[in-house]
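Residue-level structure breakdown
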Amino acid sequence: MKAPVKVLTEKLKIEPYASVLCYPKASKTEIESRLEELREHGVTAVEFAGEASVFNVPVLGKGFVGIVVIAYLGEERAALKIRRLDADRLGLEHEAQMLAKANSMQIGPRLIGVSRNFLLMQLIQGCLLPSWLDSHKDKGQVHHVLGEVLEQCWRLDSINLDHGELSKAPKHIIISKKQEPFLVDFETASVNRKPANVTSMCQFLFTSHGVVAKSVAKVFGEINRAEIVDMLRRYKSERKRENFEDVLQACLG
Ligand SMILES: Nc1ncnc2c1ncn2[C@@H]1O[C@H](COP(=O)(O)OP(=O)(O)O)[C@@H](O)[C@H]1O
Ligand SMILES: [Mg+2]
């Protein structure tokens, strides 16, 4: 990991920081207006740290819509999602609305603030599920964390909020240092689709043949794929607690 650097807001107009804030390329007007937007949120400094990197600057994460870094609101630290200039979204307001709805069910990082180009939320320090699974092999602990992930998916299903990117869950589940799972990135979430959080997550964790499903299977032993698929089918046709518990049972025993 590259060494973290803390940069005061007024110094963010210097390269390469300006281009991280205005990814992929900063112009004078864009960086000036973004810095004003940041000041309105009360962001006093940004810390560049993390496993991902942009222009050789360390960041918490990078996706197709945003780049996530650490922001300082005075003493308080938060996660700051920066809208990429080349994102196919005009603003982050929709994501904030979806995250607020998830927060109402105690899901996701707590929303702090939003504007067109910035979303501030609770900073989740920890690691993404795939690398967490690489270093956590204790059956009881993995059982607890995955059970909690599925419970969160059940709560999202129950308020008809479809996350939409749980099949790409490797980058969308962070396990905090307190061993609590957080679902992130509500950018493609919607209340206008049939929710498929539990089913997508179970496929991702258990029935797919992906890397994560393989690590999970190593911890739990061979899974009964046919039974899980059958329970998910029943859950899909009638979304009720009893059917969800059968899914849990089939997946986690
Ligand atoms: N609140 C947060 N705390 C810590 N890291 C985060 C937080 N939110 C997102 N990240 C990291 O940043 C990455 C990119 O964020 P994401 O919201 O998925 O952006 P995109 O919409 O562009 O895919 C995530 O995969 C995750 O690693
Ligand atoms: Mg993402």
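Residues numbered from 1 in each chain as written. Chains lettered and ligands numbered in written order. Predicted model: local features only at pLDDT ≥ 70, side-chain atom pairs only at ≥ 80, totals over all residues. Heavy atoms only, no water.

The next subject is the side chain of His-136. Checked against the element boundaries, His-136 lands in the loop between helix H4 (129-135) and helix H5 (139-158). A distance of 2.9 Å separates a polar side-chain atom of His-136 from the backbone oxygen of Trp-132. Polar side-chain contacts of His-136 include one of 3.2 Å to the side chain of Ser-135. Excluding anything up to four places from it in sequence, His-136 contacts Gln-141, Val-142 and Gln-179. (Helix = DSSP H or I, 4+ residues; strand = E, 2+ residues; numbered from the N terminus. Polar contact = N/O pair within 3.5 Å; in protein donor to acceptor, adjacent residues only side chain to side chain. Contact = heavy atoms within 4.5 Å.)

This part covers the environment of Ser-176. Assignment of secondary structure puts Ser-176 in strand E11 (residues 173-176). Along the sequence, Ser-176 and Leu-129 sit 47 residues apart, while their C-alpha atoms lie 9.9 Å from each other. The residues contacting Ser-176, other than those within four sequence positions of it, are Ile-124, Gln-125, Gly-126 and Phe-182.

Further remarks concern the pairing of strand E7 (residues 76-83). Taking burial as the measure, the eight residues of E7 include six buried ones, the bulk of the element. Where strand E6 (residues 66-73) lies against E7, eight bridges are found, and the strand directions are antiparallel. Each bridged residue has a counterpart across the sheet, and for Ala-71 the counterpart in E7 is Ala-78. Hairpin connection, E6 to E7: the antiparallel pair is bridged by two residues, and Gly-74 has positive phi, about 65 degrees. When E7 meets strand E9 (residues 118-121), the two strands line up antiparallel, connected through four bridges. From the neighbouring strand, Ile-82 faces E9, where its bridge partner is Phe-118. (Buried < 20%, exposed > 50% of the residue type's maximum accessible area, 1.4 Å probe, protein only. Pairing = 2+ DSSP bridges.)

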